[in-house]
Amino acid sequence: MIYIVEIDCICLFALIFVAKSMRKKRNLGSASNYFYLSCYFTMLVITMDIFSLLLEAGKFGVLSRIIAVNYLINIIYYVAAVCATYYWFMNTGYVINSSFWGRKRNMFLAMIPVFFSVVLSLLSIWKGYYFYIDEANKYHRGSLFFVNNVICYVYAFLSCIIALRAALKETDYIKRKQYLLISFYIVFPLLVAVI
């Protein structure tokens with residue numbers, strides 16, 4: 001358990017460093033705002049993972065026995081995960097200047113899976129869709145656990161496809177290189193998540 005917490009902390013500090021250094025170098029346009037939101041939600045996912053591991057190990061003292069704390073940590077984890085991939089999807093669109101994001105109806109449609117996942121996360125308190133906590137305050141996956149992962153993977157996969165498609169159409173070498181980097185950036189985290 002301690003090794004996982006250490007790895008999470010290293011990832012968290014690396015992400016904080018990247019977000020801070022990017023913020024110093026760039027102005028805050030729409031794409032930058034979506035990038036930072038994606039980073040911040042990813043930091044929240046990592047933080048909740050650390051809290052979950054420490055809670056399971058009983059390192060929070062009396063809080064380790066309160067079931068509501070375990071529910072709160074896991075709800076934040078699931079919501080933050082889907083929000084991180086959603087904002088990466090939005091960032092990809094704005095960087096590429098996709099006309100899709102220019103229409104409010106399309107932005108609303110793109111956000112429907114996030115709302116769906118948030119509702120399932122909250123309903124897990126009573127129905128155990130994504131997860132449930134037993135009387136011993138132990139986390140268990142629910143019957144719809146995979147839905148949140150599918151939503152995250154769809155956002156990530158679509159980001160990859162949109163950027164790759166734009167790169168193949170682009171004639172400007174610098175923009176093509178940027179789009180390819182965006183496209184392949186998500187591949188490694190996806191592979192690690194699947195493993």
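The numbers attached to residues start from 1 for each chain and follow its sequence in the written order. Residues qualify for local features only when their pLDDT is at least 70, as the model is predicted, and side-chain atom pairs are given and counted only at 80 or more; totals for whole chains, interfaces and linings, by contrast, use all residues. Values reported for side chains reflect all heavy atoms of the structure, with hydrogen atoms and water molecules removed beforehand.

A short note on the nonpolar core
Judged by nonpolar contacts, the single largest core of 26 residues is most densely connected at Tyr86, Tyr130, Phe131 and Tyr155. Secondary structure is summarised from DSSP: a helix means a run of H or I of at least four residues, a strand means a run of E of at least two, and numbering begins at the N terminus for each. Elements with a contribution of two residues or more to this core: helix 2 (30-56), helix 3 (67-96), helix 4 (104-127), strand 1 (131-133) and helix 5 (145-169). The dominant element in this core, judged by the number of residues it contributes, is helix 3, at twelve residues. Side-chain atoms within 4.5 Å link the members of a nonpolar core, which is a set of buried Ala, Val, Leu, Ile, Met, Phe, Trp, Tyr and Cys residues. With a 1.4 Å probe rolled over the protein chains alone, any residue whose accessible area is under 20% of its type maximum counts as buried; one over 50% counts as exposed, and the rest are partly exposed. Leu15, Phe35, Ala166 and Ala167 belong to the second-largest nonpolar core, a separate cluster that totals 22 residues.

Re helix 5
Across its 25 residues, helix 5 extends 37 Å between first and last C-alpha, which sits within 8% of the 36 Å expected from 1.5 Å per residue. Listed as buried for helix 5 are Phe145, Val147, Asn148, Ile151, Cys152, Tyr155, Ala156, Ser159, Cys160, Ala163, Ala166 and Ala167. An expected span of 1.5 Å times one less than the residue number is assigned to each helix.

Regarding the side chain of Ser124
Among the secondary structure elements, Ser124 is positioned in helix 4. The residues contacting Ser124, other than those within four sequence positions of it, are Tyr71, Tyr129, Tyr130 and Phe131. A contact between two residues is defined here by any heavy atoms of the two lying within 4.5 Å.

Regarding the confidence of the model for the chain
The predictor attaches a confidence to each residue, and that confidence, scored 0 to 100, is pLDDT. Within the chain, residue pLDDT values average 85, and 90% of them lie at 70 or more. Element-level pLDDT for the chain is lowest in helix 7 (residues 187-194), with a mean of 68, against a maximum mean of 96 in strand 1.

Description of the environment of Ala19
For Ala19, the location among the structural elements is in helix 1 (residues 2-25). The spatial distance from the C-alpha of Ala19 to the C-alpha of Cys39 is 6.8 Å, given a sequence separation of 20 residues. If we skip the residues at most four places from it in the chain, Ala19 touches Tyr36, Cys39, Tyr40 and Met43.

Side note on unusual backbone geometry
Glycine aside, residues mostly have negative phi, and peptide bonds are mostly found in the trans state. Phi angles above zero are rare outside glycine, and Asn137 is one such case at about 65 degrees. Topologically, Asn137 is positioned in the loop between strand 1 and strand 2 (139-141).

Observations regarding the environment of Lys177
If you trace the backbone, Lys177 turns up in helix 6 (residues 173-185). It is 7.2 Å that separates the C-alpha atoms of Lys177 and Ala167, two residues lying ten residues apart in sequence.

Focus on the packing of helix 5 against helix 6
The angle between the axes and the distance between the axes are what describe a pair of packed helices. At a minimum axis distance of 8 Å, the contact between helix 5 and helix 6 shows a crossing angle of 160 degrees. The orientation of helix 5 relative to helix 6 falls into the category roughly antiparallel. In this structure, the crossing between helix 5 and helix 6 has a hand that is left-handed. Judged by residue contacts, Cys160, Ala163, Leu164, Ala166 and Ala167 of helix 5 engage Arg176, Tyr179, Leu180, Ile182, Ser183 and Phe184 from helix 6. A fitted line through C-alpha atoms represents every axis, and for helices the fit uses only the stretch in contact; the resulting angles, taken between N-to-C directions, go from 0 to 180 degrees. Oblique is the label for any angle not under 35 degrees, not over 145, and not in the 65 to 115 range, which are roughly parallel, roughly antiparallel and roughly perpendicular in turn. In this scheme, a crossing is called left-handed if the near helix is turned counterclockwise away from the far one by less than a right angle; it is called right-handed if the turn is clockwise.

A few points about helix 3
End to end, helix 3 covers 44 Å across 30 residues, agreeing with the expected 44 Å (1.5 Å per residue, within 8%). Most of helix 3 is tucked away: 23 of the 30 residues are buried. One or two residues past the end of helix 3 sits Asn97, with phi positive at roughly 65 degrees.

Here we look at the packing of aromatic side chains
Aromatic contacts are taken between Phe, Tyr and Trp rings whose centres are within 6.5 Å, Trp giving its six-membered ring; a plane angle under 30 degrees counts as stacked, one over 60 as edge-to-face, and the others as tilted. Under the counting rule described, the total for this entry stands at 15 aromatic pairs. Judged by centre distance (5.7 Å) and plane angle (10 degrees), the ring pair of Phe41 and Tyr87 falls under stacked. In this pair, Phe41 sits in helix 2 while Tyr87 sits in helix 3, placing the two residues 46 residues apart along the sequence. Judged by relative accessible area, which is 22%, Phe41 ranks as partly exposed. Consider the rings of Tyr78 and Phe145, whose centres lie 6.4 Å apart with planes at 90 degrees: the pair is edge-to-face. Here Tyr78, found in helix 3, pairs with Phe145, found in helix 5; they are 67 residues apart in sequence, far enough to count as distant. On the basis of relative accessibility, which here comes to 18%, the residue Phe145 falls in the buried class. Each member of the aromatic cluster is reached from another via a ring pair, and the members are Tyr34, Phe41, Tyr86, Tyr87, Phe89, Tyr94 and Tyr155.

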